[in-house]
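Coordinates in review
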Amino acid sequence: IMNYAVIKKFDIANGPGVRVSLFVSGCRHKCKNCFNSEAWDFSYGKPFTNETVDEIIGALDKDYIEGFSLLGGEPFEPENQASVYEILKAIKEKCPEKTVWCYTGFLYDTQLLAGKVGDRALVLKTLELIDVLVDGKFVEELKSPSLLFRGSSNQRIIDVKKSILKHETVWLEGTWERKMGTGNIYEG
């Protein structure tokens, strides 16, 4: 059974608009100066149950909520994969209009797609339920407060739907890109 650290029902930091965010427990990346290091422990927080799924679905069922964000800990740790898949499947079934963002320290193409993390078939099924994946470990030396929706400039914001269709990693483009003045949120 997966544990989780917290559910935020009004999150404006981890994706566009107002979102419901789930922070799962368990992470082996142990990035230097991680903002959520207490969630490295797989037993931190509370057990993730069917009631937790119902609570998240209920929180998502409001017009002002744009979507769901999944963070950690590490959602793609092998121990978390089955529960993560189940929650995303439930969200897509009950709230198909809500976008799903997921944050992972693993790399989309060379680790997740390549089957180097846990159950490859389950990882691929899970990726199909995600709209946007922010990938890569947090790197303290590449941290910048001007970055939108990511902590360090090595992290990528990936349009998973387009990436699956094109069989290549496609970075997300959006109307909020130009807020930094560079015209490109991906510049480090």
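Predicted model, so just to flag it, every value in this text is computed and none were measured.

1. With respect to the environment of Gly-15
Note that Gly-15 resides in the loop between strand E1 (3-11) and strand E2 (18-24). For Gly-15, a relative accessible area of 1% gives the class buried. Between the C-alpha atom of Gly-15 and that of Val-100, which follows or precedes it by 85 residues, the distance is 9.0 Å. Apart from residues lying up to four places away in sequence, Gly-15 is in contact with Trp-101, Tyr-103 and Phe-149.

2. Observations regarding the nonpolar core
Ile-56, Phe-68, Phe-76 and Leu-133 are the most contacted members of the largest nonpolar core, which totals 38 residues. Elements supplying a minimum of two residues to this core: E1, E2, helix H1 (50-60), strand E4 (65-71), helix H2 (81-94), strand E5 (99-104), helix H3 (108-112) and helix H4 (120-127).

3. Observations concerning the layout of surface pockets
Unfilled space is identified by rolling a water-sized probe across the atoms. Looking at the largest pocket, its volume works out to about 610 Å³. In terms of residue class, the lining of the largest pocket is built from 13 nonpolar, twelve polar and six charged.

4. Focus: the packing of aromatic side chains
In the structure shown here, the tally under the stated rule is three aromatic pairs. Note on Tyr-4 and Phe-48: the rings are 6.1 Å apart at their centroids and 90 degrees apart in plane angle, and the pair reads as edge-to-face. Linking Tyr-4 in strand E1 with Phe-48 in the loop between strand E3 (46-47) and H1, this pair joins segments that are 44 residues apart in sequence. The exposure class of Tyr-4 is buried, given its relative accessible area of 6%. Its relative accessible area of 10% is what places Phe-48 among the buried residues. Where Phe-10 meets Tyr-64, the ring centres are 6.0 Å apart and the plane angle is 45 degrees; that geometry is what we call tilted. Taken together, the positions of Phe-10 in strand E1 and Tyr-64 in the loop between H1 and E4 put the pair 54 residues apart, joining distant regions of the chain. For Phe-10, a relative accessible area of 55% gives the class exposed. A relative accessible area of 46% places Tyr-64 in the partly exposed class.

5. Observations regarding the confidence of the model for the protein
On average, residues of the protein score 90 in pLDDT, and 92% of them are at 70 or above. Across residues 175-188, where pLDDT falls below 50, the model places 29 contacts with residues more than four positions away in sequence or in other chains.

6. Focus on unusual backbone geometry
Look at the link from Gly-72 to Gly-73: it is a cis peptide, with omega at 15 degrees. With respect to the helices and strands, the residue Gly-73 is situated in the loop between E4 and H2. At Phe-149, a residue that is not glycine, the phi angle is positive and equals roughly 60 degrees. Position of Phe-149 among the secondary structure elements: in the loop between strand E6 (132-135) and strand E7 (156-159).

7. A closer look at H2
Between the first and last C-alpha of H2 there are 20 Å, a value that for 14 residues agrees with the 20 Å anticipated at 1.5 Å per step. Residues of H2 that are buried: Gln-81, Ser-83, Val-84, Tyr-85, Ile-87, Leu-88, Ala-90, Ile-91 and Lys-92. As for H2, its buried residues are in contact with H1, E4, E5 and H4.

Cut-offs used in this document
- Residues numbered from 1 in each chain as written.
- Predicted model: local features only at pLDDT ≥ 70, side-chain atom pairs only at ≥ 80, totals over all residues.
- Heavy atoms only, no water.
- Helix = DSSP H or I, 4+ residues; strand = E, 2+ residues; numbered from the N terminus.
- Buried < 20%, exposed > 50% of the residue type's maximum accessible area, 1.4 Å probe, protein only.
- Contact = heavy atoms within 4.5 Å.
- Core = buried A, V, L, I, M, F, W, Y, C linked by side-chain atoms within 4.5 Å.
- 1 Å grid on protein atoms, 1.4 Å probe; cavity = no way out; pocket = protein on both sides within 12 Å on 5 of 7 lines; lining within 4 Å.
- Points joined across faces, edges and corners; volume = space filled by probe spheres on them.
- Nonpolar A, V, L, I, M, F, W, Y, C, P; charged D, E, K, R; others polar.
- Phe/Tyr/Trp six-rings, centres within 6.5 Å; stacked < 30°, edge-to-face > 60°.
- pLDDT = per-residue confidence, 0-100.
- Expected span 1.5 Å × (residues − 1).

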